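# Coordinate analysis (summary)
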Amino acid sequence: MRIVLVGPPGAGKGTQAAYLAKNLSIPHISTGDLFRANISQGTELGKAAKAFMDAGNLVPDEVTIGMAKDRMAQPDAEGGFLLDGFPRNVSQAEALDESLKADGQKLDAVLDLEVPEDEVVKRIAGRRICRNDSSHVFHVAYSAPKQEGVCDTCGGELYQRGDDTEETVRRRLEVYHAETEPIIDHYKAQGLVVTISALGKVTEVTKRAMEALGRSDA
Ligand SMILES: [Zn+2]
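Not measured: the values here are computed from a predicted model. (Residues numbered from 1 in each chain as written. Predicted model: local features only at pLDDT ≥ 70, side-chain atom pairs only at ≥ 80, totals over all residues. Heavy atoms only, no water.)

Under the local residue numbering, the UniProt record ascribes the feature "binding site: AMP" (unreviewed entry) to T31, R36, N57, L58, V59, G85, F86, P87, R88, Q92, R161 and R172. These residues run over 142 residues, and the two farthest C-alpha atoms among them are 29.4 Å apart, placing them at more than one spot. Among the secondary structure elements, N57 is positioned in the loop between α3 (44-54) and α4 (61-72). The exposure class of N57 is partly exposed, given its relative accessible area of 46%. The residue Q92 is located in helix α5 (residues 90-102) in this model. (UniProt positions renumbered as here; feature names shortened; annotations may be inferred. Helix = DSSP H or I, 4+ residues; strand = E, 2+ residues; numbered from the N terminus. Buried < 20%, exposed > 50% of the residue type's maximum accessible area, 1.4 Å probe, protein only.)

Following this line, the structure appears as structure tokens:
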């Protein structure tokens, strides 16, 4: 299956992408991983991306599209893939459509993870990270540490990342509405959009997604 996963920040997209890709035996292709891999391998696209990033600029669509195309052309993506973070705007979506069409392929589904806006803010703004180890993550409401501000695992100090404040989350949501949400309409016109609620336990959401994709057998 060729799937695009979309959803606002805080929808648990990365987590779901990993589980779904595993269940469907297809590679999980995330933009974050693509950038890291291309930059660390020093590819031409990686060098280009790094130059833009170092200058504090956004990486142009052509660079991102080029990385995604290279990755989709790898042998393990022959039978399908799950894209996470790409396309992130309509122009990237159009480039993806064209690229697939040129190879005689097409997407099977665009899975849209839906979360109410206030829930997104609650999820992200409640996150607290340990200063000693960023994998020690807590949440003031959903997985509170035994003692406020102190990591259960190592006793380190917990803090809120600058990216996780309510103000930043609201701004990220605005960008999502303005740039990424229009791709849902773009794919609705192609009859590809499957919308599911991203509320509930991780395993419940994965099950819901597999059912919505008609792959509850996998
Ligand atoms: Zn810790």
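Right, let's get into the coordination of the zinc ion. Six octahedral donors at a metal ideally form angles of 90 or 180 degrees, and four tetrahedral donors ideally form angles of 109.5 degrees. Around the zinc ion, the protein supplies C130 (SG), H136 (ND1), C151 (SG) and C154 (SG) as donor atoms, at distances of 2.1 to 2.4 Å. Because the angles between the four donor atoms bound to the zinc ion fall within 98 to 119°, the donor set is best described as tetrahedral. On the primary sequence, the residues serving as donors to the zinc ion are separated as C-x5-H-x14-C-x2-C. On the accessibility criterion, C130 (2% relative accessible area) is buried. (Donors = N, O, S within 2.8 Å, 3.2 Å for Na, K, Ca; no water. Tetrahedral: all angles 85-135°; square planar, octahedral: opposite > 155°, others 65-115°.)

Here we come to the packing of helix α2 (residues 31-40) against α3. Between α2 and α3, the shortest axis-to-axis distance is 7 Å and the interhelical angle comes to 105°. By the angle between their directions, the pair α2 and α3 is classed as roughly perpendicular. The segment α2 lies against α3, with F35, N38 and I39 engaging L45, G46, A49, K50 and M53. Looking at side-chain class alone, the contact of α2 with α3 contains five nonpolar, two polar and one charged residues. (Axes fitted to C-alpha atoms, helices over the stretch in contact; angles between N-to-C directions. Parallel < 35°, antiparallel > 145°, perpendicular 65-115°, else oblique. Contact = heavy atoms within 4.5 Å. Nonpolar A, V, L, I, M, F, W, Y, C, P; charged D, E, K, R; others polar.)

Before going further, it helps to spend a moment on the sheet that holds strand β1 (residues 2-6). Pairing in this open sheet of five strands is parallel, and the strands run β2-β3-β1-β4-β8 from one edge to the other. Each of the sheet's edge strands pairs with one partner strand only, and the pair in question is β2 (28-30) and β8 (193-197). Shown here is a sheet whose adjacent strand axes are inclined to one another by a mean of 25°, direction ignored. Two strands pair when backbone bridges link them, and β1 and strand β4 (residues 109-114) are joined in this way by four bridges, in the parallel orientation. (Pairing = 2+ DSSP bridges.)

Ordered in space as β6-β5-β7, the three strands form an open sheet in which the pairing is antiparallel. Each of the sheet's edge strands pairs with one partner strand only, and the pair in question is β6 (137-139) and β7 (158-159). Note: strand β5 (residues 127-130) against β6, three bridges, orientation antiparallel. Its bridge partner lying in β6, R128 is registered against F138.

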